[in-house]
Structure formats: C-alpha cells, structure tokens
Amino acid sequence: MAKLDLPDFMKYKNKFTANGFVEKISRIAKRAGAKFVYAALILFYTLESDKVSVKDKAIIIGALGYLINPLDVVPDAIPIAGLSDDLAVLIYVLHKVWGEVSEEVKAKAHAKLNKWFDEDEILEADNLFDKSQDV
C-alpha cells in the first residue's frame, strides 16, 4: 500500500453516532474485510471503557466519525482505494490507544466478526498492524 497522508479526521467528531457506526459496518463488512471490521469494532468497544482517557476517546470518536461520513477524502464507493483512507485512520488511532485496549474488548470485537466472516477470513484480522494485508 502506498504511503497515505492522514486526513484531518478530528473534524469528523460530530459525525459519529453509535447507530451510524453499526449501520455503516453492517453495510461494508464483507467488502472491507475482517481486519478492517475488527479494527473498527475494537475502537467502538473501547469507547465503552472507563479506563480510556477523554483525550483518547476524542480521537476514537474522530476516527469513527470519519469512517461513517460518506464524504471522506477517498469516497468509499471507489473499489479498493475507497476504504484505504478509512483503514489508515483506524490503524493510526489503534496504534495511539493500543495500550488502553483491554483483552475483553479484543475478545468482544473478535467474537462479533462471526456475524460477517468465516473462520479463514477471521484469521486475517489477527495481525492488525501487518501492512501486507491492508485493504
């Protein structure tokens, strides 16, 4: 994947809603892939934690707002490239908050993958930070 400059995703904080997130993930799950969905779910479930700082919750909300906004830098309708900017934002934020992500959150997100993916596809999600599997 070519180096992608991150957009100013923090300006999308007001776009995030839990319902908007669930609807978007349900709609794009199969096209986006297990790794993408797993990253998004980890961030979503991390918001529920009282162990995560307000600052980190703000960047998570910005990233998820960017994800559900239909007018991001690379429109989602463009095959392959359309979700690459979204994945770059998700992985960037995951790197920033990874130390605060609990094993329970990871397990909950992993379990939710069964709704959209088979076992082989779910295995792809296990290496979140492996660039060779990016969208």
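As a starting point, this report considers the structure included with it. These numbers were taken from a predicted model, which means no experiment stands behind them. (Residues numbered from 1 in each chain as written. Predicted model: local features only at pLDDT ≥ 70, side-chain atom pairs only at ≥ 80, totals over all residues. Heavy atoms only, no water.)

Topic: the packing of aromatic side chains
Defined as follows: Think of it this way: a Phe, Tyr or Trp ring, Trp meaning its six-membered ring, pairs with another when their centres are within 6.5 Å, and the plane angle makes it stacked under 30 degrees, edge-to-face over 60, tilted otherwise. Put simply, DSSP H or I for four residues or longer makes a helix, DSSP E for two residues or longer makes a strand, and each gets a number counted from the N terminus. The classification of residues rests on relative accessible area computed with a 1.4 Å probe and restricted to protein chains. Under 20% of the type maximum is buried, over 50% is exposed, and intermediate values are partly exposed.
Under the defined criterion, the tally for this structure stands at five aromatic pairs. For the ring pair phenylalanine 21 and phenylalanine 44, a centre distance of 4.4 Å and an interplane angle of 15 degrees mean the geometry is stacked. In this pair, phenylalanine 21 sits in helix α1 (residues 18-32) while phenylalanine 44 sits in helix α2 (residues 34-46), placing the two residues 23 residues apart along the sequence. Phenylalanine 44 matches phenylalanine 21 in its accessibility class, with the two residues each being buried. Between phenylalanine 44 and tyrosine 45, the ring centres sit 5.7 Å apart and the planes meet at 55 degrees, which makes this aromatic pair tilted. For the pair shown, phenylalanine 44 and tyrosine 45 are each scored as buried.

A word on the pattern of salt bridges
Heads up, the condition is: Whenever a carboxyl oxygen of Asp or Glu lies within 4 Å of a side-chain nitrogen of Lys or Arg, that contact is scored as a salt bridge.
Summed over all chains, the structure comprises four salt bridges. Arginine 27 is the salt-bridge partner of glutamate 23, the closest N and O atoms lying 2.6 Å from each other. Placement of both glutamate 23 and arginine 27 in helix α1 is noted, with a separation of four residues, approximately one turn of the helix. Take glutamate 23: its relative accessible area is 42%, and that puts it in the partly exposed class. One salt bridge connects lysine 106 with glutamate 103, and the closest N-O pair in it is separated by 3.1 Å. Here the residue lysine 106 and the residue glutamate 103 both occupy positions in helix α5 (residues 103-112), the gap between them amounting to three residues, near one helical turn. Using a relative accessible area of 15% as the deciding quantity, one classes lysine 106 as buried.

Re the side chain of asparagine 69
Threshold: A contact between two residues is defined here by any heavy atoms of the two lying within 4.5 Å.
Inspection of the secondary structure puts asparagine 69 in the loop between α3 (54-68) and α4 (81-97). Residue classification places asparagine 69 among the buried residues on the basis of a relative accessible area of 9%. With near-sequence residues (within four places) excluded, asparagine 69 lies in contact with Tyr12, Lys15 and Lys24.

Structural notes on the environment of aspartate 120
With respect to the helices and strands, aspartate 120 occurs in helix α6 (residues 119-124). Measuring from C-alpha to C-alpha, the distance between aspartate 120 and alanine 34 comes to 9.7 Å, with 86 residues separating the pair along the chain.

Let's talk about the packing of α1 against α2
What counts is decided by this rule: Lines are fitted to the C-alpha atoms to define the axes, a helix being fitted only along its stretch in contact, and any angle between axes, read from their N-to-C directions, falls within 0 to 180 degrees. Orientation is classified from the angle alone, with under 35 degrees giving roughly parallel, over 145 giving roughly antiparallel, 65 to 115 giving roughly perpendicular, and any other angle giving oblique. Each crossing gets its hand from how the near helix is turned against the far one by less than a right angle, where anticlockwise is left-handed and clockwise is right-handed. Each residue gets one label: Ala, Val, Leu, Ile, Met, Phe, Trp, Tyr, Cys and Pro are nonpolar, Asp, Glu, Lys and Arg are charged, and the others, such as Gly, are polar.
It is at 9 Å that the axes of α1 and α2 come closest, and there the two elements cross at 165 degrees. One finds that α1 runs roughly antiparallel with respect to α2. As α1 packs across α2, the resulting crossing turns out to be left-handed. Across the interface between the two elements, Ala18, Phe21, Val22, Ile25, Ile28, Ala29 and Ala32 from α1 touch Phe36, Val37, Ala40, Leu41 and Phe44 from α2. Of the residues assigned to the contact of α1 with α2, the class counts are 12 nonpolar, no polar and no charged.

Geometry only, nothing functional implied.
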